[in-house]
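For reference, the chains in residue letters:
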Amino acid sequence: MSWNKKTFYRWLAISIVITLYLFTFLINAIEFSLIDKHVGIEIIGQTVHSQSCDFFLMALKKTHRETMNLASYGFIIDITMILIIYKTIR
């Protein structure tokens, strides 16, 4: 295998890994923003019951926790996979 093919395969694999990470992060961020948007619509100009407020706060807390876990653990896994790809395809 020539040097150019190895370089192409390495960067293709790295691009796939990064794209998958960003795609999953984007999906999770969209979910967070949708919940945030609905909370804003629900609260403006209306009386809010404590049960619905608690529900929205728990939903925001859950999606925020999932987004932060994905950002931190996903980044570590992403970097590890990129380093493995660099080591394997040399």
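Before reading on, note that the structure itself is shown above.
So, a few notes on the structure that sits alongside this text. (Residues numbered from 1 in each chain as written. Predicted model: local features only at pLDDT ≥ 70, side-chain atom pairs only at ≥ 80, totals over all residues. Heavy atoms only, no water.)

**Some remarks on the overall build of the protein chain**
Where we set the bar: A run of H or I in DSSP becomes a helix once it reaches four residues, and a run of E becomes a strand once it reaches two; helices and strands are each numbered from the N terminus. The classification of residues rests on relative accessible area computed with a 1.4 Å probe and restricted to protein chains. Under 20% of the type maximum is buried, over 50% is exposed, and intermediate values are partly exposed. Residues are treated as being in contact if the distance between any of their heavy atoms lies within 4.5 Å. Computed with the Shrake-Rupley method and a 1.4 Å probe, the accessible areas treat only the protein chains shown as cover for residues.
Across its full length, the protein chain holds two helices and zero strands. Here the protein chain holds 90 residues, and the buried ones make up 19% of them. Considering only contacts within the protein chain whose residues lie at least 6 apart along the sequence, 89% involve residues at least 24 apart. For the protein chain, the exposed surface amounts to about 7,100 Å²; the carbon and sulfur share of it is 72%.

**Examining the side chain of threonine 63**
With respect to the element layout, threonine 63 can be found in helix α2 (residues 50-88). On the accessibility criterion, threonine 63 (2% relative accessible area) is buried. Excluding its chain neighbours within four sequence positions, the residues that come into contact with threonine 63 are Asn28, Glu31, Phe32 and Ile35.

**Some words on α2**
Just so we agree on the cut-off: To estimate the expected span of a helix, subtract one from its residue number and multiply by 1.5 Å. One axis fitted to the seven residues ending at a residue, another fitted to the seven starting there: the angle between these axes is the bend at that residue.
When the terminal C-alpha atoms of α2 are compared, their 55 Å separation across 39 residues agrees well with the 57 Å that a helix rising 1.5 Å per residue should span. Along its length, α2 reaches its greatest deviation from straightness, about 25°, at glycine 74. Buried within α2 we find Phe56, Ala59, Leu60, Thr63, Thr67, Gly74, Asp78, Ile82 and Ile85.

**Notes on a nonpolar patch on the surface**
What counts here: Only residues whose relative accessible area exceeds 30% and that form no salt bridge enter a patch; like-charged residues are grouped when within 9 Å of one another, and nonpolar side chains (Val, Leu, Ile, Met, Phe, Trp, Tyr) when within 5 Å. We count a salt bridge whenever a side-chain nitrogen from Lys or Arg sits within 4 Å of a carboxyl oxygen from Asp or Glu.
A contiguous nonpolar surface patch, about 720 Å² in accessible area, is contributed by Tyr73, Phe75, Ile76, Ile77, Ile79, Met81 and Leu83. Its place among the elements puts tyrosine 73 in helix α2.

**Comments concerning the pattern of salt bridges**
In total, this model carries one salt bridge according to the counting rule given. For the salt bridge of lysine 62 with glutamate 66, the shortest nitrogen-to-oxygen distance reads 3.1 Å. Here glutamate 66 and lysine 62 lie together in helix α2, a separation of four residues that amounts to about one turn. Under the relative-accessibility criterion, glutamate 66 is labelled partly exposed at 28%.

**Quick notes on the environment of isoleucine 79**
Along the chain, isoleucine 79 falls in helix α2. Here isoleucine 79 falls in the partly exposed class, since its relative accessible area comes to 35%. On a C-alpha basis, the gap between isoleucine 79 and isoleucine 18 in space is 9.1 Å, while along the polypeptide they are 61 residues apart.

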